[in-house]
Amino acid sequence: MLDTLSYTFMQNALISVVLVSMITGIIGSLVVVNKMVFLSGGIAHSAYGGIGLAIFFGLPMLLSTSLFCIFITLIIAMTSFKHREHLDILIGITWAAGMSLGIILVDLSPGYQSDLMSYLFGSLLAVTSDDITYMSILLAVIIAIVFTFYRDILAVSYDTEYATLRGIKTKFFYTVILLLSSLTIVISIKVVGLILVIALLTIPIYIASFFSKSLFSMMINATLLSIFFSLIGLTLSYNYDLSSGPSIIIVSSIFALLAFILKSFKRVRF
């Protein structure tokens, strides 16, 4: 595989793996701690509506999908503030409606013959330099926000009532976390696809939680684990001509199962 590093597409794949692993390690930790996994799943699947809009109107894929996901996220955020009892129903509706809209728009797109499987299960080897630029900017924004407001985000994530009493704008930070999650989902679709993106946001964090004593250490450990799993998955994908996204998730799942077994039988102390 070392010989392939001379190819631009492989270099882009490796760079994107590291960038996305860092992004999902940080945001995935916030998603898990704030119990937003199901909510993020709704956003991920509704992203297909943005893909359909891009294809139908000939718009840039990342821009169209990002704006669509931001729109859906703001609707969900506002609803969760006022009508939290209806949140599950809203997520189900946006999940189904977003995917249905995307499929219909793709069906109506004249002469469109691209492989839709790449959006469902990822196409890591098709990452472009523009994608890497987007990933880099998003990572920089995430690091800046988390570093600047870490104490506030920590308080909101673990004890919302206490954070409110301290005068922290809990709704604002809740919305910020959701928006960053939606943008993370959009860029992760390029790597593992919208069907598997939630696994990328949760499995490394699940393993990291066994031996992390703080939110910050969880972010670091989840990032390192995600890079490790992604590199193994990418290697398997290249050597055996497999889809990169599912390969990464299978590797992650195997390690998650091993970690669960070791933890259950207390053979290893994390």
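Below is a short write-up of the structure. Small disclaimer: the values here were computed from a predicted structure and weren't measured. Residue positions within a chain follow its written sequence, with the count starting from 1. Since the coordinates come from a predicted model, pLDDT governs what is reported: local features require at least 70, and pairs of side-chain atoms require 80 or more to be given and counted, while whole-chain, interface and lining totals use all residues. Heavy atoms throughout the structure, all of them, feed into the side-chain values; hydrogens and water do not.

**Things to note about the packing of aromatic side chains**
Test applied: For Phe, Tyr and Trp, where Trp contributes only its six-membered ring, two rings pair if their centres lie within 6.5 Å, and the inter-plane angle classes them as stacked under 30 degrees, edge-to-face over 60, or tilted in between. Whether a residue is buried, partly exposed or exposed follows from its accessible area with a 1.4 Å probe, protein chains only, as a fraction of its type maximum: under 20%, in between, or over 50%, in that order. Secondary structure elements follow DSSP: runs of H or I no shorter than four residues count as helices, runs of E no shorter than two count as strands, and numbering proceeds from the N terminus.
In this structure the tally under the stated criterion is nine aromatic pairs. Their ring planes at 85° and their centres at 4.8 Å tell us that Phe56 and Phe57 sit as a pair that is edge-to-face. Assessed through its relative accessible area of 53%, Phe57 is described here as exposed. Seen in terms of ring centroids, Phe228 and Phe255 are 5.5 Å apart; in terms of plane orientation they differ by 75°. Their pairing is edge-to-face. Here Phe228, found in helix α11 (residues 215–240), pairs with Phe255, found in helix α12 (residues 244–264); they are 27 residues apart in sequence, far enough to count as distant.

**Notes on helix α9 (residues 170–192)**
What counts is decided by this rule: A helix is expected to span 1.5 Å for every residue after the first. For a residue, the bend is simply the angle between two axes, fitted respectively to the seven-residue segment ending there and the seven-residue segment starting there.
For α9, which comprises 23 residues, the first-to-last C-alpha distance of 31 Å matches the rise-based estimate of 33 Å (1.5 Å per residue) to within 8%. In the structure, α9 departs most strongly from a straight axis at Val186, where the bend amounts to approximately 25°. Counting buried residues along α9, 19 of its 23 residues qualify, which places the element largely inside the surrounding structure. One or two steps after α9, the chain reaches Gly193, where phi turns positive at roughly 85°.

**Re a nonpolar patch on the surface**
For clarity, the cut-off: Every patch collects residues that have over 30% relative accessible area and no salt bridge, joining them within 9 Å if they carry like charges and within 5 Å if they are nonpolar side chains (Val, Leu, Ile, Met, Phe, Trp, Tyr). For every accessible area listed, the method is Shrake-Rupley and the probe measures 1.4 Å; residues are considered covered only by the protein chains on display. Salt bridges are counted wherever a side-chain nitrogen of Lys or Arg sits within 4 Å of a carboxyl oxygen of Asp or Glu.
A cluster of nonpolar side chains, contributed by Phe56, Phe57, Leu59, Ile104 and Leu108, occupies part of the molecular surface with about 500 Å² of accessible area. Those elements giving two or more residues to the nonpolar patch turn out to be α2 (37–57) and α4 (87–108). Mapped onto the elements of the fold, Leu108 is located in helix α4. Of the residues examined, Leu108 reaches a relative accessible area of 54% and is grouped as exposed.

**Examining the environment of Asp130**
For Asp130, the location among the structural elements is in helix α6 (residues 129–148). Residue class for Asp130 comes out exposed when judged on its relative accessible area of 59%.

**Describing the nonpolar core**
We apply this condition: The set of buried Ala, Val, Leu, Ile, Met, Phe, Trp, Tyr and Cys residues whose side-chain atoms join them within 4.5 Å is what this entry labels a nonpolar core. Contacts between residues were defined by any pair of non-hydrogen atoms, one from each residue, lying within 4.5 Å.
Counting residues in hydrophobic clusters, the biggest one holds 82 residues, and the most contacted among them are Leu39, Tyr48, Leu124 and Ile142. Top contributing element to this core by residue count: α9, with 13 residues. Among all residues touching Ile142, those that are not within four sequence positions of it are Ile23, Ile26, Ile27, Leu180 and Thr184.

**Brief notes about the layout of surface pockets**
Inclusion rule: Here a cavity denotes grid points, spaced 1 Å and computed from the protein atoms alone, that fit a 1.4 Å probe unable to get out, and a pocket denotes an open set having protein on both sides within 12 Å along at least 5 of 7 lines; residues with an atom within 4 Å of a point are the lining. Grid points are joined across faces, edges and corners, and a volume is the space filled by probe spheres set on the points. Only Asp, Glu, Lys and Arg are considered charged in this grouping, and only Ala, Val, Leu, Ile, Met, Phe, Trp, Tyr, Cys and Pro are considered nonpolar; every other residue, Gly among them, is considered polar.
Estimates place the volume of the largest pocket at around 370 Å³. If you trace the largest pocket, you find 20 residues lining it, with Met61, Leu62, Tyr119, Asp131 and Lys190 closest to the centre. Listing elements by their share of the lining of the largest pocket, those giving two or more residues are α3 (61–82), α5 (117–121), α6 and α9. For the lining of the largest pocket, the element with the highest residue contribution is α3, accounting for six residues. Its residues assigned to classes, the lining of the largest pocket comprises eleven nonpolar, six polar and three charged.

**Here we look at unusual backbone geometry**
The backbone phi angle of Lys35 is positive, close to 55°, even though this residue is not glycine. Within the fold, Lys35 resides in the loop between α1 (8–33) and α2. Positive phi is not limited to glycine here, since Asp241 has a value of about 55°. Topologically, Asp241 is positioned in the loop between α11 and α12. Using a relative accessible area of 73% as the deciding quantity, one classes Asp241 as exposed.

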